[in-house]
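Notes for the structure review
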Amino acid sequence: AFDNLSNDTITALATAPGRGGVGIVRVSGPRAGEIAEKMLGFYPRPRHAHHTPFLSDDGQVLDEGIALYFPGPNSFTGEDVFELQGHGGPVIMDWLIECTLRLGARLANPGEFSERAFLNDKLDLAQAEAISDLIEASSRAAASNAMRSLQGEFSKRVTALVQELIGLRTYVEAAIDFPEEEVDFLADGEVAAQLAAVQANLTNVKASAAQGALMRDGMSVVIAGRPNAGKSSLLNVLTERDSAIVTDIAGTTRDVLREHIHLDGMPLHVIDTAGLRDTPDAVEQIGVQRAWSEIEKADRVLLMVDARDTAELEPMKIWPEFVSRLPDPSRLTLVRNKVDLTSEGTDADLSTTPPVIRISAATQAGVDNLKQHLKDVMGLDSTAEGLFSARRRHLDALARAEEALENGAAQLHGAMAGELLAEDLRAAQQALGEITGEFTADDLLGEIFGSFCIGK
Ligand code: GDP
Ligand code: ZN
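Here, residues in each chain are numbered from 1, in the same order as that chain's written sequence. Both sets of labels track the order of writing: A upward for chains, 1 upward for ligands. Per-residue local features of the predicted model are confined to residues with pLDDT of at least 70, and side-chain atom pairs are confined, for both listing and counting, to 80 or more; whole-chain, interface and lining totals are unaffected and use all residues. To get the side-chain values, take all heavy atoms of the structure and skip hydrogens and water.

A look at the overall build of the protein chain
In terms of regular secondary structure, the protein chain is built from 16 helices and 13 strands. With respect to the three principal axes, the spread of C-alpha positions in the protein chain is 80 × 75 × 40 Å. In this description, contact between two residues means that some pair of their heavy atoms is separated by no more than 4.5 Å. The long-range fraction of contacts in the protein chain, counting pairs at least 24 apart against all pairs at least 6 apart in sequence, stands at 65%. To measure how exposed things are, a 1.4 Å probe is used in the Shrake-Rupley method; for residues, cover is taken only from the protein chains shown. As displayed, the protein chain has an accessible area near 21400 Å², and 51% of this comes from carbon and sulfur atoms. Note that His is not counted, nor are the chain ends; the positive residues are Lys and Arg, and the negative ones are Asp and Glu. Charged side chains are reduced to one point each, which is NZ for Lys, CZ for Arg, CG for Asp and CD for Glu. Positive and negative side-chain charges in the protein chain, numbering 41 and 70 respectively, have mean positions lying 7 Å apart. The way it works is that DSSP assigns letters per residue, a run of H or I at least four long becomes a helix, a run of E at least two long becomes a strand, and they are numbered from the N terminus.

Some remarks on the pattern of salt bridges
The term salt bridge refers to a pairing of a side-chain nitrogen on Lys or Arg with a carboxyl oxygen on Asp or Glu at a separation within 4 Å. For the structure shown, the criterion picks out 26 salt bridges. Among the ionic pairs, Lys375 bridges to Asp264, the shortest N-O distance being 2.7 Å. Separated by 111 residues along the polypeptide, Lys375 in helix H13 (residues 367-378) and Asp264 in the loop between strand E9 (257-263) and strand E10 (266-272) bring together distant segments of the chain. Arg336 is the partner of Glu344 in a salt bridge, and the nearest nitrogen-oxygen pair spans 2.8 Å. Accessibility here uses a 1.4 Å probe with only protein chains present; expressed as a share of the type maximum, an area under 20% marks a residue as buried, one over 50% as exposed, and anything in between as partly exposed. When its relative accessible area of 4% is taken as the criterion, Arg336 is described as buried.

A short note on the UniProt feature "binding site: Mg(2+)" (unreviewed entry) in the protein chain
The sites that carry the UniProt feature "binding site: Mg(2+)" (unreviewed entry) are, in the present numbering, Ser232 and Thr253. On the secondary structure map, Ser232 appears in helix H9 (residues 231-240). With a relative accessible area of 43%, Ser232 lands in the partly exposed category. UniProt positions are given in the numbering used here, feature names are shortened, and annotations may be inferred rather than shown by experiment.

Focus: the sheet that holds strand E3 (residues 50-55)
An order of E3-E4-E5-E2-E1-E6 is seen for the six strands of this open sheet, with the pairing classed as mixed. Pairing within the sheet leaves two strands with one partner each, and these edge strands are E3 and strand E6 (106-107). When DSSP locates at least two bridges between a pair of strands, those strands are taken to pair. Note: strand E4 (residues 61-70) against strand E5 (residues 81-88), five bridges, orientation antiparallel. Paired with Ala67 across the bridge in E5 is Leu84. The convention used is that axes are lines fitted to C-alpha atoms, helices contributing only their stretch in contact, and that angles between N-to-C directions extend from 0 to 180 degrees. Helix H1 (residues 32-40) rests against strand E2 (20-28), E3, E4 and E5 of the sheet, and its axis sits at about 85° to E3. Contacting strand E1 (10-13), E2 and E6, helix H3 (residues 112-119) crosses the sheet at an angle of about 135° to E1.

Shown next as structure tokens:
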């Protein structure tokens, strides 16, 4: 399907910019071998580690290190690939890249090596996306999932669904070719049974993908409440368990704070809303607007009160200005904090609207209830194993395939219109093909690979 394979040779720094023990420059394309020969002074042996000086085009020794050459198609990109592993300093890396440019390469775009691997059928699209997910992973659970996707777990399950659909389509389309027998054919139960089987398998894949997407993207939680309710204390309790991965990023105002932590490997983006006060300061107002745009997107809003201040369980009575502005009050949870100073205990009321959680950020009593509640509202299954990483794009495609099959089932059990059923099966197959990249628009590819880092 792709005939836009570029014939030029690309070059980029493959390691992170900055200083490191080793820095790697990677070159891919038809001139890689020729560039290697010029920079080494000899033609490298395929898949052999040469320890050798790296030369500029005027013969000057720029660096020395390990040179590797992988002739296509047995390389990451499927093209001829030349790799220079030198001393990881920015000046020397820059110099080596400049040299490859003078010898006929051009700078690679973000994700262009991976894109070429995809276009040369070394990886499908879900696997290519998994490379980026692996590099971006913020927990070991997310990294393991990405690795399983990269190894083809997700793609295999999608491909199996596509195979089942192809079988079913063949059957239905054969029926259409014999109009006088079509209805008998469709009514014999075989089509219905096969269709139901594909639907069940699709539902399974979608459930796993939803868990994988949750582990990749996580959930966003806003903690709102009046000063001294204990918002920062709760944030500290949540982060302590995971303190190795805590980062504080102050927003545009000193009052908006985000933390990224994990719940059973699920990323949790917590936003403290201390800055949500009326202010005449223009810069601070922008910060408040940003905080609100986060709140509007949040998966969960925790309204926190000091349990001593109010017995009220009705959010509108606790903080009407805040609650009335929430786009979706069903995402609200009331957190009554400091129960160590009252006699109300830590029993949660999960069936009320909003749910009520009682905690003490000081003693950590009830905090596990809160964590479990957050996992529950997102449907996180902490016991699920063998997950693969998935993205919103994949979930959308699976949902479209599911819908097409539901329409098909309605056709089959209703009018028994074979043509329309065949059309639904085709639509489902098309949607699944978007996951592995069998059917994918070029602009989507640009968007996917454009979000990769340069050199990958
Ligand atoms: P924030 O303004 O909402 O961020 O509130 P802080 O987290 O800064 O807490 C305000 C005060 O309440 C601090 O002195 C905390 O030590 C105290 N505090 C917070 N949570 C609890 C709690 O559960 N029990 C008790 N006894 N004190 C708490
Ligand atoms: Zn605070």
